[in-house]
2 protein chains.
Amino acid sequence: MKPHEIEELSFSIIEQEAAPHGFEPSQWRIVSRMIHTSADFEYLQSVRFHPEAISAGIRAIQNGQTIFTDTNMAKAGIRKTDAAKFGCRVECLMEAPEVKKQADANGSTRAAAAVDAAANQVKDGIFVVGNAPTALMRIIEQIKAGRTAPALVVGLPVGFVNAAESKQMLNRADVPHITNVGRKGGSAVAAAVINALLKLTAEKGE
Amino acid sequence: MKPHEIEELSFSIIEQEAAPHGFEPSQWRIVSRMIHTSADFEYLQSVRFHPEAISAGIRAIQNGQTIFTDTNMAKAGIRKTDAAKFGCRVECLMEAPEVKKQADANGSTRAAAAVDAAANQVKDGIFVVGNAPTALMRIIEQIKAGRTAPALVVGLPVGFVNAAESKQMLNRADVPHITNVGRKGGSAVAAAVINALLKLTAEKGE
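Since this is a predicted model, take the numbers as computed values, not measurements.

What chain A contains, in helices and strands, is 11 helices and six strands. In summary, chain A has a C-alpha radius of gyration of 16 Å against a globular reference of 17 Å for 206 residues, a match within 12%. Expressed along its principal axes, the backbone C-alpha trace of chain A runs to roughly 50 × 35 × 30 Å. Sequence-distant contacts, at least 24 apart, represent 65% of the contacts inside chain A between residues at least 6 apart. Put simply, chain A shows about 9,000 Å² of open surface, and 48% of that area lies on carbon and sulfur atoms.

Right, dumping it as structure tokens:
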């Protein structure tokens, strides 16, 4: 089988096995890609969309806005050639020397310090969090303080300490967002959301 | 909370919530890190260890062998500073020009072509597959053909087409391996196995 045949067959299996769901077609394109990446049908129940999330995400991509990720894994998972078609850069500031310095100085995580560095640069960009609840909480804090105004926040940190809580905060926040309920998530699933949005945007342009 | 406190608390929650299991202490260090990365307790039931997997993996790391990953995501998830302490390089050949060329010529996946390229270089190294069943099947094929003899194969591709089947093949293969049963897996979980092995190796040396 050729690579694109493997992908097509995978999505047809997901269609067959997915329980009936209430997602609109564009939402389902995103959720089915999250399931494709994780082989985990729990996302059928757990994903939450802000009503403006998809339109805001597509607009940001069309405008060539920067996509900031909390980890190099999420960055690695995003299809850079798809993003580059719209002039979107994909950035992770975790390894930036000033970020490491600030995190050491504050005793905070580097993920949170990276948010502060990105907040200075983000205007209508997209934040992607697949790992660090501290990054997601910091984004929400910076939005509330009026220091950043991203077009979309994809918040899918995974884990046992504050992951679920940070996503609950995002779900209540006044910013377009895609998130889920519970502990699961991760860089691969977060990258899958962006890859699905890149595909939806490409189709809009055709 | 400081980053190391978040990690400690996470692992203590995993200890509490994990059902009784039959893993030996060093196996549990690996499985608990897989759960930490995925928030998925299914790994308690699904992980399979070849009896020599952990000792062979530790020996390969002590000897500074190369760790080949099938994706840049898995590479991004491995703690390079921990690997560098033992002189281990972490390599992904997916983007290598000769790999792309060979995949196009054969109509195969780039992941499988990357295995062929790595097979020429791997002597007692570690193969890590977190994404592509085609890569894992190719590794097993090359081992059987005597064209490569890795110290350890970490086989955790995720997905709906051949992921479970390729892992079943690995589980029967005559090579030290760490794998699981079923569709789940992924680059983050595969990287977590290596990060746990790096920690186990570091403790051996102390």
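A few words now on the nonpolar core. Among the nonpolar cores identified, the biggest contains 46 residues, and B:Ile30, B:Ile35, B:Ile194 and B:Leu197 are the most heavily contacted of them. Elements supplying a minimum of two residues to this core: helix H1 (3-17), helix H2 (25-38), helix H3 (43-46), strand S1 (47-49), helix H4 (53-62), strand S4 (126-129), strand S5 (152-155) and helix H11 (187-204) of chain B. Tallying contributions element by element places H11(B) first for this core, with nine residues. Setting aside its immediate chain neighbours within four residues, B:Ile194 contacts B:Ile67, B:Ile78, B:Ile126, B:Val128 and B:Val154. Counting residues in hydrophobic clusters, the runner-up holds 44 residues, among them A:Ile30, A:Leu44, A:Leu152 and A:Leu197.

Here we come to the sheet that holds S5(B). Residues and elements named next belong to chain B. Taken in spatial order, the six strands make up an open sheet running S1-S6-S5-S4-S2-S3, and their pairing is mixed. The sheet is open, and its two edges are formed by S1 and strand S3 (90-92), each paired on a single side. Across the sheet, the mean angle separating the axes of adjacent strands is 20° when strand polarity is ignored. Bridge count for S1 against strand S6 (residues 177-180) is three bridges, and the pairing is antiparallel. Bridging across to S6, Phe 49 finds its partner in Ile 178. Strands S1, S5 and S6 of the sheet are contacted by helix H10 (residues 163-172), whose axis makes an angle of about 145° with S6.

Before going further, it helps to spend a moment on the pattern of salt bridges. A complete count under the given rule lists 26 salt bridges over all chains for this structure. Between A:Arg33 and A:Glu7 there is a salt bridge, with its nearest N and O atoms 3.2 Å apart. One end of the pair, A:Arg33, is in helix H2 (residues 25-38); the other, A:Glu7, is in helix H1 (residues 3-17), with 26 residues separating them in the sequence. Residue classification places A:Arg33 among the buried residues on the basis of a relative accessible area of 8%. Note that A:Asp40 and A:Lys184 form a salt bridge whose closest N and O atoms lie 2.7 Å from each other. Of the two residues, A:Asp40 is situated in the loop between H2 and helix H3 (43-46) and A:Lys184 in the loop between strand S6 (177-180) and helix H11 (187-204); the sequence distance between them amounts to 144 residues. When sorted by exposure, A:Asp40 lands in the same class as A:Lys184, which is buried. A network of salt bridges, in which partner residues are shared, links A:Asp40, A:Glu42, A:Lys184, B:Asp40, B:Glu42 and B:Lys184.

Right, let's talk about the interface of chain B and chain A for a bit. The interface of chain B with chain A comprises 34 residues on the first partner and 34 residues on the second. Summed over both sides, the interface between chain B and chain A buries roughly 2,400 Å², with carbon and sulfur atoms accounting for 74% of that surface. Scanning the region where chain B abuts chain A turns up four salt bridges. A salt bridge links B:Arg183 to A:Glu17; its shortest N-O distance comes to 2.7 Å. The interface formed by chain B and chain A contains two residue pairs in polar contact (both at pLDDT 80 or more). When residues of the side of chain B that touches chain A are traced back to their parent elements, those giving at least two are H1, H2, helix H5 (72-77) and H11 of chain B. Here the element with the most residues in the side of chain B that touches chain A is H1(B); it accounts for seven residues.

Residue and element names in this part refer to chain A. This model, assessed by the stated rule, comprises zero disulfides over all chains. Unpaired in terms of disulfides, Cys 92 finds its nearest cysteine sulfur in Cys 88, a separation of 17 Å. A residue is classified by how much of its surface remains accessible, and Cys 92, at 12% relative accessible area, is buried.

How each quantity is defined
- Residues numbered from 1 in each chain as written.
- Chains lettered and ligands numbered in written order.
- Predicted model: local features only at pLDDT ≥ 70, side-chain atom pairs only at ≥ 80, totals over all residues.
- Heavy atoms only, no water.
- Helix = DSSP H or I, 4+ residues; strand = E, 2+ residues; numbered from the N terminus.
- Rg over C-alpha atoms; globule rule 2.2 N^0.38 Å.
- Contact = heavy atoms within 4.5 Å.
- Areas by Shrake-Rupley, 256 points an atom, 1.4 Å probe, with all protein chains shown as cover.
- Core = buried A, V, L, I, M, F, W, Y, C linked by side-chain atoms within 4.5 Å.
- Buried < 20%, exposed > 50% of the residue type's maximum accessible area, 1.4 Å probe, protein only.
- Pairing = 2+ DSSP bridges.
- Axes fitted to C-alpha atoms, helices over the stretch in contact; angles between N-to-C directions.
- Salt bridge = Lys/Arg side-chain N within 4 Å of Asp/Glu carboxyl O.
- Buried area = accessible area lost by both parts, 1.4 Å probe.
- Polar contact = N/O pair within 3.5 Å; in protein donor to acceptor, adjacent residues only side chain to side chain.
- Disulfide = S-S within 2.5 Å.

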